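The chain contents come next:
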Amino acid sequence: MGWRMVGLAGLGSTLVATGFIATQASREFYGVDHPVNLLFYFHVGVAWVGFVGLLVATIASVAFLRRPVPRRSWIAQAAVRVSFAFITLTLLTGMVWGRFIWNSWWEWSDIRLVTALVVWFIYAGYLIYHKQVDDLVGYRRGAVFCILAFVSVPITVASTRLWQSPFHGASVTTDSVAIHGPAFAMMLAGISGIYFYLVSLRWRLQAAEHQSVIVGTSRP
Amino acid sequence: MKRRTRLLVSGTVTVFAMTMVLIGTLESSVPFVGPADLGPTLEGKRLQVEGIVQGLTVGPDDLTFELSDGAGATVLVRYPYSGQRPLTLEEGRLVVAKGLYRQRVVEAYQVSVRAHEDPGSP
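Treat the numbers as computed from the prediction; the structure is a model and nothing was measured. (Residues numbered from 1 in each chain as written. Chains lettered and ligands numbered in written order. Predicted model: local features only at pLDDT ≥ 70, side-chain atom pairs only at ≥ 80, totals over all residues. Heavy atoms only, no water.)

So, about the confidence of the model for chain B. A residue-level look at chain B finds 90% of positions with pLDDT of 70 or above and a mean pLDDT of 83. The element-level mean pLDDT for chain B is lowest in helix α1 (residues 3-28) of chain B, coming to 76, with strand β4 (residues 74-80) of chain B highest at 93. (pLDDT = per-residue confidence, 0-100. Helix = DSSP H or I, 4+ residues; strand = E, 2+ residues; numbered from the N terminus.)

What follows concerns the layout of surface pockets. Volume-wise, the second largest pocket comes out at about 490 Å³. As for the second largest pocket, its lining consists of 23 residues, and the residues nearest its centre are A:Arg81, A:Leu127, A:His130, A:Lys131 and A:Arg202. Looking at the lining of the second largest pocket, the elements that each hand over two or more residues are α3 (70-101), α4 (111-131) and α7 (181-218) of chain A together with α1 of chain B. Partitioning the lining of the second largest pocket into residue classes produces 11 nonpolar, 6 polar and 6 charged. (1 Å grid on protein atoms, 1.4 Å probe; cavity = no way out; pocket = protein on both sides within 12 Å on 5 of 7 lines; lining within 4 Å. Points joined across faces, edges and corners; volume = space filled by probe spheres on them. Nonpolar A, V, L, I, M, F, W, Y, C, P; charged D, E, K, R; others polar.)

Residue and element names in this part refer to chain B. Relative to the helices and strands, Ser 68 resides in strand β3 (residues 62-68). Judged by its relative accessible area of 6%, Ser 68 falls in the buried class. A distance of 2.9 Å separates a polar side-chain atom of Ser 68 from the backbone nitrogen of Gly 70. Excluding anything up to four places from it in sequence, Ser 68 contacts Pro 35, Gly 51, Ile 52, Gln 54, Ala 73 and Thr 74. (Buried < 20%, exposed > 50% of the residue type's maximum accessible area, 1.4 Å probe, protein only. Polar contact = N/O pair within 3.5 Å; in protein donor to acceptor, adjacent residues only side chain to side chain. Contact = heavy atoms within 4.5 Å.)

This paragraph deals with the nonpolar core. Ranked by internal contacts, the top residues of the largest apolar core, which has 61 residues, are A:Leu54, A:Val80 and A:Tyr123. Elements with a minimum of two residues in this core: α1 (2-24), α2 (39-66), α3, α4, α5 (136-149) and α7 of chain A together with α1 of chain B. The biggest single contributor to this core is α3(A), with 12 residues. For A:Tyr123, the residues in contact, after removing those within four places along its chain, are A:Leu54, A:Val80, A:Phe84, A:Cys146, A:Ala149, A:Phe150, A:Ser152 and A:Val153. Judged by nonpolar contacts, the second largest core, of 22 residues, contains B:Leu67, B:Tyr81, B:Ala97 and B:Tyr101. (Core = buried A, V, L, I, M, F, W, Y, C linked by side-chain atoms within 4.5 Å.)

All names here are of chain A. Compared with an ideal rise of 1.5 Å per residue, which puts 14 residues at 20 Å, α5 spans 19 Å between its outermost C-alpha atoms and is within 8% of the ideal. Buried within α5 we find Gly 138, Tyr 139, Gly 142, Ala 143, Cys 146 and Ala 149. Across the axial projection of α5, the buried residues extend over an arc of 140°, all falling on one side. Across α5 from its buried face, at more than 90 degrees, point the exposed residues Val 137, Arg 141 and Leu 148. (Expected span 1.5 Å × (residues − 1). Arc of directions from axis to C-beta.)

Next up, the structure:
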């Protein structure tokens, strides 16, 4: 019930933020006045929440290695699964924005895009791996995978500062973008609420599936 | 998930990843140059030329403009397009033209605009 309220509050906050953004926020970014710029709020929101979710998964994985309770692995798996969906949305919305503003769906010379895609592939590997294991040994390997995979996240976040990024500059800390602060904060809070609701839903579902397997196998 | 389905999913993701890496490798292997670097040695080669758009002319089915490095060197770019003209492709924008360099002209198949690096643009 508690997580459902978080999810509903998140959905409400996202909808209100969308209304604010559609009516109040400036459509002009980098000298271009176009409605596609408003995608920024959603694009950056799902990216940040998705990456924070991978940190949650890493913490849950560390906790699992310290004490191998299946629930900790399920939380990590659920967090990665939802983050993966969010990062997919980040890539897709970024591609749509790029098509209008860069005149290009994708730029291989841009370090932020390429590192984000690498993160996507790494965690796709994690999810595929977990589709094939359902025991503590498998969970342990998955936890190690998850902890090592997280190295790719700060690299992606800092990539535009670590290397020259021809197309992808800083999005929030730049004078070329006039962000509607309250709307962005509301969008971020809303997406976070939705994220944590989805994660709770997923791990409880996995726990229920596991329970049903145990019940099923214990029958004569 | 059944073993066959798992293999199918894993196989599809692997093939997709390999294709992406191949495309990325091919794209990034195209030399990245400025207008001042162009000369007979690069004649007939596929290049990525970076510069500032000047003298933009809009034709019925192509855009023609000069790319400048801001230090006097320029090169002519011809960019065929259909449909709506690219939004940000305008005078003073920093762009990367990808295409074939032939007889002192870049026949571009793609022109990407570096919007993030153009805070002073209109």
